[in-house]
Structure formats: C-alpha cells, structure tokens
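# Architecture at a glance
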Amino acid sequence: ESLPIVLRPGGCRFLDVELRDKRAQEGQYELEVREVRSAVPDDEAHEEASIAASEARRSAAAGTKDAVADAVESYQRVLSLWRRSGDRYGELMTLLSLATLSYAGNQYQEGMRNSGEAFEIAHSLADRGDEGLALNNLAMCEGPLGMLESAREHMIGAAEAFREAGVLFSVVAARIN
C-alpha cells in the first residue's frame, strides 16, 4: 500500500504501522522510500486525500447508516482532492468506493454514474482488473433497476476483464424469471 508523507522542516518523525484487519497475521514489514524530494504544491492535496480516504474507509466499515453517510461525504471530498492533485488512480479507487456505498444505500443511479466514471479511468490506465470491478459495480446497480440485459452484458465484461487481468473470482449463476 502506498503512503505519501509530506514532512515539514525540523524535528523527528516516527511512523507507526498498525494492522487494519485485526485477524491479519502479525509479522515484520519492510518500508521502502521510493522518492525523497522537495515538496510541490500538489503533495499537500495528495497527503490530505490519503488521510481523508483512510477516515472514509473507517467510517464505511462501521456500517451504520450515519457512518456510511459520513463515509460518502468524506469520499466526495477525497475525490475532489485526488482530482486537484492529478492522481487518477486515487480518483479511480474513490469512485469504486462511492459506487459500492451507493449500491449498499440503494442509490443505484449514483452508483451507475460512479461506476461509469471509474470504468473510463481504469480503461485510460489500461487497468483490466479495475475495469472489471467497475463493470461489476455497474451491473450490480443496473439489476435492481430492471436493466437486466445491460447488467448481464456488464457482468460478462467484468468476468472477461478479471480473467485477462489474472484475477481469481467465482461466478454465481442465477436464473432470472
């Protein structure tokens, strides 16, 4: 997982690493510093977006109606920050998260809009795995709206994208009357 850190001059800095999934196995971790350079204006927006995205994930994980509403609001702010910093991958991940929360909240039109935007970005990044996620999310939102043929086509497209990306997945077949 990538973690951007912008350090201001002076003082000592410490990095604490905690397991997000409490069931995960403890162990040793390696920290790789990929780039040391002077900060540029977009770095602050990138750092702010990363922190806000972590907060949004925690809110969404709480699962309560209020927490999910807070997460959606946070993700909207994060989306604006990723766009300001020019981070297309951060924008993609945020749109996928918003689509998932929209589906969970029965906001299918919003989920379709976010999934469509996510697909376009994933396609521009040549990221077949995330194209598959966007198509899957799109299909999940189309189904409850009765757009069954479109949902079927998007599910098939998702399966193809996952296969091409080497993503392991399971397919559940359902008969729709």
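A brief look at the structure comes next. Since the structure is predicted, the reported quantities are computational estimates derived from the model, not experimental observations. (Residues numbered from 1 in each chain as written. Predicted model: local features only at pLDDT ≥ 70, side-chain atom pairs only at ≥ 80, totals over all residues. Heavy atoms only, no water.)

### Focus on helix α5 (residues 128-142)
- Relative to the 21 Å expected for 15 residues at 1.5 Å per residue, α5 spans 21 Å between its end C-alpha atoms, a close match to the ideal helical length.
- For α5, a buried count of 11 out of 15 residues is recorded, marking the element as mostly surrounded by other parts of the structure.
- Residues of α5 that are buried: Gly 129, Asp 130, Glu 131, Gly 132, Ala 134, Leu 135, Asn 137, Leu 138, Ala 139, Cys 141 and Glu 142.
- Buried positions along α5 lie against α3 (88-104), α4 (108-124) and α6 (148-165).
- Where α5 begins, one side-chain oxygen reaches toward the backbone nitrogen of Gly 129, 3.3 Å away; that side chain belongs to Asp 127. (Helix = DSSP H or I, 4+ residues; strand = E, 2+ residues; numbered from the N terminus. Expected span 1.5 Å × (residues − 1). Buried < 20%, exposed > 50% of the residue type's maximum accessible area, 1.4 Å probe, protein only. Contact = heavy atoms within 4.5 Å. Polar contact = N/O pair within 3.5 Å; in protein donor to acceptor, adjacent residues only side chain to side chain.)

### A short note on α3
- The first and last C-alpha atoms of α3 sit 24 Å apart over 17 residues, in line with the 24 Å expected at 1.5 Å per residue.
- Gly 90, Glu 91, Leu 92, Thr 94, Leu 95, Leu 96, Leu 98, Ala 99, Leu 101 and Ser 102 are the residues of α3 that are buried.
- The inward-facing, buried residues of α3 abut α1 (41-62), α2 (65-85), α4 and α5.
- The N-capping residue of α3, defined by a side-chain oxygen 3.1 Å from the backbone nitrogen of Tyr 89, is Asp 87.
- Where α3 terminates, the next one or two residues include Asn 106, which has phi positive at roughly 60 degrees.

### Looking at the nonpolar core
- Counting 13 residues, the largest nonpolar core has Tyr 75, Leu 92, Leu 95, Leu 96 and Ala 118 as the members making the most contacts within it.
- Elements with a minimum of two residues in this core: α2, α3 and α4.
- The contact partners of Leu 96, leaving out residues within four places of it in the chain, are Ala 118, Asp 130, Leu 133, Ala 134 and Asn 137.
- Judged by nonpolar contacts, the second largest core, of 6 residues, contains Ala 53, Val 78, Leu 81 and Trp 82. (Core = buried A, V, L, I, M, F, W, Y, C linked by side-chain atoms within 4.5 Å.)

### Section: the side chain of Asp 130
- Mapped onto the elements, Asp 130 comes out in helix α5.
- Here Asp 130 sits buried without a salt bridge, and the closest side chain of opposite charge, Arg 128, lies 11 Å off (N-O distance).
- Among all residues touching Asp 130, those that are not within four sequence positions of it are Tyr 89, Leu 92, Met 93, Leu 96 and Ala 122. (Lys, Arg positive; Asp, Glu negative; His and termini not counted. Salt bridge = Lys/Arg side-chain N within 4 Å of Asp/Glu carboxyl O.)

### Description of the packing of aromatic side chains
- Within this structure, the stated rule accounts for 1 aromatic pair.
- When the centroid spacing of 5.9 Å and the interplanar angle of 55 degrees are considered together, the rings of Tyr 103 and Tyr 108 count as tilted.
- For Tyr 108, a relative accessible area of 18% corresponds to the buried category. (Phe/Tyr/Trp six-rings, centres within 6.5 Å; stacked < 30°, edge-to-face > 60°.)

### A look at a nonpolar patch on the surface
- On the surface, a cluster of nonpolar side chains totalling about 360 Å² of accessible area is made up of Leu 31, Val 33 and Val 36.
- You can call Leu 31 exposed: its relative accessible area is 63%. (Patch = residues over 30% accessible without salt bridge, like charges linked within 9 Å, V, L, I, M, F, W, Y side chains within 5 Å. Areas by Shrake-Rupley, 256 points an atom, 1.4 Å probe, with all protein chains shown as cover.)

### A few points about the packing of α3 against α5
- It is at 10 Å that the axes of α3 and α5 come closest, and there the two elements cross at 25 degrees. Classified by the interaxial angle, the pair formed by α3 and α5 is roughly parallel. Viewed along their axes, α3 and α5 form a crossing whose handedness is left-handed. Contacts between α3 and α5 involve Tyr 89, Leu 92, Met 93, Leu 96, Ala 99, Thr 100 and Tyr 103 from the former and Asp 130, Leu 133, Ala 134, Asn 137, Met 140 and Cys 141 from the latter. (Axes fitted to C-alpha atoms, helices over the stretch in contact; angles between N-to-C directions. Parallel < 35°, antiparallel > 145°, perpendicular 65-115°, else oblique. Left-handed = near helix turned anticlockwise from the far one by under 90°.)

### Regarding the pattern of salt bridges
- Applying the stated rule across the entire model yields 8 salt bridges.
- With a shortest N-O distance of 2.5 Å, Glu 110 and Arg 113 are connected by a salt bridge. Taken together, the residues Glu 110 and Arg 113, both in helix α4 and 3 residues apart, mark about one turn of the helix.
- Taking the relative accessible area as the measure of exposure, Glu 110 reaches 31% and is therefore partly exposed.
- With relative accessibility at 40%, the residue Arg 113 sits in the partly exposed group.
- A salt bridge links Arg 128 to Glu 164, with the shortest nitrogen-to-oxygen separation between them at 2.8 Å. Placement of the pair is Arg 128 in helix α5 and Glu 164 in helix α6, with a sequence separation of 36 residues.

Everything listed here is a matter of geometry and, on its own, says nothing about what the molecule does.
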